[in-house]
Structure formats: structure tokens, C-alpha cells
Amino acid sequence: GAVVSQHPSWVICKSGTSVKIECRSLDFQATTMFWYRQFPKQSLMLMATSNEGSKATYEQGVEKDKFLINHASLTLSTLTVTSAHPEDSSFYICSARDLSGGGDTQYFGPGTRLTVL
Amino acid sequence: AQSVTQPDIHITVSEGASLELRCNYSYGATPYLFWYVQSPGQGLQLLLKYFSGDTLVQGIKGFEAEFKRSQSSFNLRKPSVHWSDAAEYFCAVVPIYNQGGKLIFGQGTELSVKP
């Protein structure tokens, strides 16, 4: 299957600082990537859809000014958590949409564990 | 309401026993169907997918799933479970009309394997 990487895999930061998470599709091009948040023992919650060359689309209730998304190339999307607070601590997962071969499949990164002190 | 349902929150099976994880969806037209597995602290790995054609789909790690239109189901099976299969399993769909490709997830089923 296709490979998606995420960096960093974990990060600890102080309250009020900003953190950037990178999501890369390594062996295919992805015009669309997705960002999810996952709380312990729960399913994934979609935060936003990242489209290459255009503005991200945010789900209801997600603060676009806090979670900045940039999709500058067909293989890279970034999520920046601005002015992070302890309630932003969570597991963030990205996925990349693969439309090759007539399919429509999302491949997921390994996730980033964010802890805000 | 349109949704994906995994009726079993937690299942425990003995190593070597067979496994079936249930998934039902409620959409008018058959959506694209997926099963993903997540180990603790990890991302999701695609096990298998169904778009059309043969209703019995083979996946990785010895898993298979059967699409049954009449039951709106896409149950995941494995004939003999290994201890390494212990993980969280998610059924997910992409509705056909959803051009944006958003995945709709079930609640997940946690699988424990007894030695």
C-alpha cells in the first residue's frame, strides 16, 4: 500500500507556543489530505480537509485560526497548532487521498502525539 | 440518519480461533467500504477495501470481508487469529455522492486475543 509519513511522531511544548506537524505522501501524489484528531479510546474526528493550492475546509466547531493548514505541494500538508494550550493535547493523524487506478482510498500517517504543558 | 455501525465495542477471542467483526452502514447507495486496523499509539493501516465487483474481498494479514447488499453489511473475518492481531479495528465508508472523499468511521471494535 501507499506510504504516508508524519513528523514529528511526538512533541512536547509549553503553553502559548506554536507547533507544526508535517504530513507527506511518499510514493503518490495527493491533491487532498485530511487531518484528524483522536482522543483515547475513541474513533477519529475529522478536523479539516486540505486541498493542494487552495484553502482548507474546516469541520464545524474547529477553529481555523488555531489550526492552520497549508497544502503547498502534492506531497506535503502541514498543520500548525497556534498558541497551544493543554486542551489541545491529543493524537493528531493525517491521511492522504489516493485516486490512482480509479480508486478512492485514504492512507494514514503514523500520527503525532502532542502534549502541551 | 446516515451512519456506520460497529455493534461490538470489545471482542475477545482465543488465539487460533476464528474472528468476525461486524459492520453495518445506512446509506441509500452502496458506498465505498473499508476496514482499517490501529495498534496502540499508531496510525491506521488499511486492511482491505471494496468498491465494486466480487463481494468477497481479500486483504492483508489473512483478513477478508464480505459485502452483503441485502444486509447493508461489510463484516471482517479471519479464520485463525494470532496474538499480534490484538488492536482496534475501524470500519469506514465513503458515500458515493461525497465527491470530497470524506471517510465516515464506525465507533471501532477493540480486539483482545487470549493465549
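The coordinates are above.
Residues numbered from 1 in each chain as written. Chains lettered and ligands numbered in written order. Predicted model: local features only at pLDDT ≥ 70, side-chain atom pairs only at ≥ 80, totals over all residues. Heavy atoms only, no water.

Residue and element names in this part refer to chain A. Overall, antiparallel pairing links the 4 strands, which are arranged β1-β3-β8-β7 in an open sheet. Each end of this open sheet is capped by a strand with a single partner; those strands are β1 (4-7) and β7 (67-73). Direction aside, the axes of adjacent strands within the sheet are offset by 15 degrees on average. Two strands pair when backbone bridges link them, and β7 and strand β8 (residues 76-81) are joined in this way by 5 bridges, in the antiparallel orientation. Note on β8: the bridge partner recorded for Ser73 is Leu76. (Pairing = 2+ DSSP bridges. Helix = DSSP H or I, 4+ residues; strand = E, 2+ residues; numbered from the N terminus. Axes fitted to C-alpha atoms, helices over the stretch in contact; angles between N-to-C directions.)

Okay, the interface of chain A and chain B next. Taken together, the contact pairs 21 residues of chain A with 22 residues of chain B. A combined buried area of about 1600 Å² lies between chain A and chain B, and 53% of that area is made up of carbon and sulfur atoms. When the buried surface of chain A facing chain B is broken down by residue, Ser43, Asp104 and Phe108 of chain A rank first, second and third, together holding 29% of it. At the boundary of chain A and chain B, one finds 2 salt bridges. At the boundary of chain A with chain B, the tally comes to 8 residue pairs in polar contact (both at pLDDT 80 or more). When contributions to the side of chain A that touches chain B are tallied by element, the ones reaching two or more residues are β4 (32-38), β5 (44-51), β9 (90-98) and β10 (105-108) of chain A. Ranked by residue count, the leading element in the side of chain A that touches chain B is β10 of chain A, at 4 residues. Across the side of chain A that touches chain B, the residue classes break down as 9 nonpolar, 8 polar and 4 charged. (Contact = heavy atoms within 4.5 Å. Buried area = accessible area lost by both parts, 1.4 Å probe. Salt bridge = Lys/Arg side-chain N within 4 Å of Asp/Glu carboxyl O. Polar contact = N/O pair within 3.5 Å; in protein donor to acceptor, adjacent residues only side chain to side chain. Nonpolar A, V, L, I, M, F, W, Y, C, P; charged D, E, K, R; others polar.)

On to the side chain of Gln6 of chain B. Residues and elements named next belong to chain B. Residue position: Gln6 is located in the loop between β1 (4-5) and β2 (10-14). Given a relative accessible area of 3%, Gln6 falls into the buried group. Here Tyr89 takes part through its backbone oxygen, which lies 3.0 Å from a polar atom of the side chain of Gln6. Among the polar contacts made by the side chain of Gln6, one reaches the side chain of Thr109 at a distance of 3.3 Å. Among residues more than four places away in sequence, those in contact with Gln6 are Arg22, Trp35, Tyr89, Phe90, Cys91, Gly106, Gln107, Gly108 and Thr109. (Buried < 20%, exposed > 50% of the residue type's maximum accessible area, 1.4 Å probe, protein only.)

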